[in-house]
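Tertiary structure, described
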Amino acid sequence: MKKLIKNGTIVTAADEYKADVLIENGKVSAIGHDLTKHADEVMHAAGLYLFPGGVDPHTHLDMPFGGTVTADDYETGTIAAAYGGTTTVLDFCLTNKGEPLKDAIKEWHEKAKGKAVIDYGFHLMISEVNQEVLNELPSIIDEEGITSFKVFMAYKNVFQADDGVLFQTLLTAKEHGALVMVHAENGDVIDYLVNKALKEGNTDPIYHALTRPPEVEAEATGRAAHLTGLAESQLYVVHVTCSDAAEKIAEARRKGYQVWGETCQQYLVLDQNDLAKPHFEGAKYACSPPLRESRHQEELWKALKMGHLHTIGSDQCSFNFKGQKELGKGDFSKIPNGMPTIEDRFSIIFSEGVKKGRITINEFVDLVSTRVAKLFGMFPEKGTIAVGSDADIVIFDPNIERTISADTHHMNVDYNPFEGLKITGEPVSVLSRGEFVIRDKKFVGKPGSGQYLKRQRYYSPLKIKETIFR
Ligand code: URP
Ligand code: ZN
Ligand code: ZN
């Protein structure tokens, strides 16, 4: 069965042009004009954009955290992602000290099996480095295709690893061709500030932000960048929230270090005042690193524009307000950290970025899809529309106006942090490997149809590499 998307405007990280796209066996098989005679089914897309499916580098689905488990699992999370134009997610696989890494990976495969409606891959958390871990990692890269490792520099006594672990992970990643990701906040300093605030009777959600100031993020970002330079390795800093941290990345890159930065739409449109909302409503906005003073938003847009930050992830980590966020009533440090954000990443960045003239339409595609696919070993199957690529395509109406609301979203959670935000542009239909997942704004996919992605090794974009289709 050959599908043709006719007369749409194809937009990639490099180009914008009108053409027809022919889809065959889940791949783009031709791009051109007058292809109708080759098709069994024709979809008309005049006036609509055809974007490569969004690639979300940062999700937490079905993840235990803060004494509870995220509200969205692989089914509800990936359905919501698809509605929003995301066709690939990279989710964080948590590991337990002293247990084989392969056991954790197996557990994560079980979570996704029969549920994911779009393609997915895993990043692997590293919290200790010993002989067992060093023995396992090469086969995890080769056999599982997991080519990115995550080290937490914060969440003391939970996920936090020390600098020795980070440095050895950087060395190992360099040797085997993987990318090291860091949650960059100084966990020891945060621990001190949190205990001090609580002792002084400061228990409201706003203290979540006040005990994790920009300096602790900037310090950890700079430290991780220096260690990367020393190891001659490669680093990806997740969820950068402030100009202070973005500057550390820019500084490292000026020295020639391979350091990449991600921010998230929440840091571009929400701010610290949200955490001060009355009646414990501020808890809805507790995530780490925290939302910042609004002046950081334009600085982050500038950093994206200047190439100091390179991708936009959702950091989806959803907890209901009722019964989950409420665990932190009377003690902000017990609020489960994270927000429901997987659904509207694509549209918010289009609306706030492209429509408001902060970034070009090609930069938009690069930030939400192409660059992510390249850094995490999925390009050119993912991240572009080209002959031979997976037919992951978003048919997007750039002129629909809508207001984000929990009443209409598809995430399995009782609030939306972007409630009331007016945006322009919405995916109308979304294809994953040539099959509709969303058709005319209705979910038509099948749980379990998403495929696990074995990814290629990290390669330095500074080195020349011949790109071949597998
Ligand atoms: O608050 C957040 N971001 N929760 C998810 C875990 C993490 O740190 O990314
Ligand atoms: Zn984090
Ligand atoms: Zn996260």
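A few points on the structure.

Turning our attention to empty space enclosed by the protein. Taken as a whole and assessed by the stated rule, the structure comprises two cavities of 30 Å³ or more. Considered as a void within the structure, the largest cavity measures approximately 120 Å³ in volume. Among the residues making up the lining of the largest cavity, the classes are represented as seven nonpolar, seven polar and two charged. Looking at the second largest cavity, its volume works out to about 50 Å³. The residue inventory of the lining of the second largest cavity, partitioned by class, reads four nonpolar, four polar and three charged.

All right, on to the site of ligand 1 then. In the vicinity of ligand 1, the contacting residues are H58, H60, F65, Y155, H183, H239, C287, S288, D315, C317, N337 and G338. Within the side chain of H58, one N or O atom sits 3.5 Å away from an oxygen atom of ligand 1. Within the contact set of ligand 1, an oxygen atom lies 3.5 Å away from a side-chain nitrogen or oxygen of H239. Computed on the free molecule, ligand 1 has an accessible area of 260 Å², of which 100% lies beneath the protein chains in the complex.

Attention now goes to the layout of surface pockets. Here the largest pocket defines a volume of roughly 510 Å³. Around the largest pocket, the lining is made up of 22 residues, and of these Y155, K156, V158, R212 and S333 lie nearest the centre. The element that contributes the greatest number of residues to the lining of the largest pocket is helix α5 (residues 187-199), accounting for five residues. Considering only residue class, the lining of the largest pocket consists of 10 nonpolar, eight polar and four charged.

This part is about the packing of helix α2 (residues 101-112) against helix α3 (residues 131-144). The N-to-C vectors of α2 and α3 enclose an angle of 35°; their axes lie 9 Å apart at closest approach. Of the residues in α3, those touching α2 at L101, K102, I105 and H109 are V133, E136, L137, S139, I140, E143 and E144.

A word on the coordination of the zinc ion (ligand 2). Within the protein, the atoms that donate to the zinc ion (ligand 2) are H183 (ND1) and H239 (NE2), at distances of 2.1 Å. In this structure, the zinc ion (ligand 2) is coordinated by four donor atoms arranged in irregular fashion, with angles at the metal of 57 to 152°. Between the zinc ion (ligand 2) and the zinc ion (ligand 3), a separation of 3.9 Å is found. One end of the pair, H183, is in strand β12 (residues 179-183); the other, H239, is in the loop between β13 (234-237) and α8 (243-254), with 56 residues separating them in the sequence. Take H183 and H239: they sit in the same class, and that class is buried.

Our next topic: the environment of D56. Structurally, D56 is set in strand β6 (residues 54-59). Distance from D56 to T88, taken between C-alpha atoms, is 6.2 Å for residues 32 residues apart in sequence. Each residue touching D56, except ones within four places of it in the same chain, is listed here: T86, T88, V89, L90, G313, S314, I342 and R345. Separated by 3.0 Å, the side chain of D56 and the backbone nitrogen of H58 make a polar contact.

To continue, consider unusual backbone geometry. Most peptide bonds adopt trans geometry, and most residues besides glycine take a negative phi value. Note the cis peptide between S288 and P289, where omega equals -10°. Locating P289 in the fold gives a position in the loop between α9 (265-269) and α10 (295-306). For the bond running from F379 to P380, omega is 5°, close enough to zero to count as cis. Phi at D34 takes a positive value of approximately 55°, unusual for a residue other than glycine. Its place among the elements puts D34 in the loop between β3 (27-32) and β4 (41-44). In this model, K441 sits at a positive phi of 70°, which is unusual for a non-glycine residue. Looking at the element boundaries, K441 is found in the loop between β18 (435-439) and β19 (442-443). Judged by relative accessible area, which is 37%, K441 ranks as partly exposed.

Around a metal, the idealised angle for a tetrahedral arrangement of four donor atoms is 109.5 degrees; for an octahedral arrangement of six donor atoms it is 90 or 180 degrees. Each protein donor to the zinc ion (ligand 3) is listed here as H58 (NE2), H60 (NE2) and D315 (OD); together their distances run 1.9 to 2.1 Å. Donor residues for the zinc ion (ligand 3) sit on one chain with the sequence pattern H-x1-H-x254-D.

Conventions adopted
- Residues numbered from 1 in each chain as written.
- Chains lettered and ligands numbered in written order.
- Predicted model: local features only at pLDDT ≥ 70, side-chain atom pairs only at ≥ 80, totals over all residues.
- Heavy atoms only, no water.
- 1 Å grid on protein atoms, 1.4 Å probe; cavity = no way out; pocket = protein on both sides within 12 Å on 5 of 7 lines; lining within 4 Å.
- Points joined across faces, edges and corners; volume = space filled by probe spheres on them.
- Nonpolar A, V, L, I, M, F, W, Y, C, P; charged D, E, K, R; others polar.
- Near = heavy atom within 4 Å.
- Polar contact = N/O pair within 3.5 Å; in protein donor to acceptor, adjacent residues only side chain to side chain.
- Areas by Shrake-Rupley, 256 points an atom, 1.4 Å probe, with all protein chains shown as cover.
- Helix = DSSP H or I, 4+ residues; strand = E, 2+ residues; numbered from the N terminus.
- Axes fitted to C-alpha atoms, helices over the stretch in contact; angles between N-to-C directions.
- Contact = heavy atoms within 4.5 Å.
- Donors = N, O, S within 2.8 Å, 3.2 Å for Na, K, Ca; no water.
- Tetrahedral: all angles 85-135°; square planar, octahedral: opposite > 155°, others 65-115°.
- Buried < 20%, exposed > 50% of the residue type's maximum accessible area, 1.4 Å probe, protein only.

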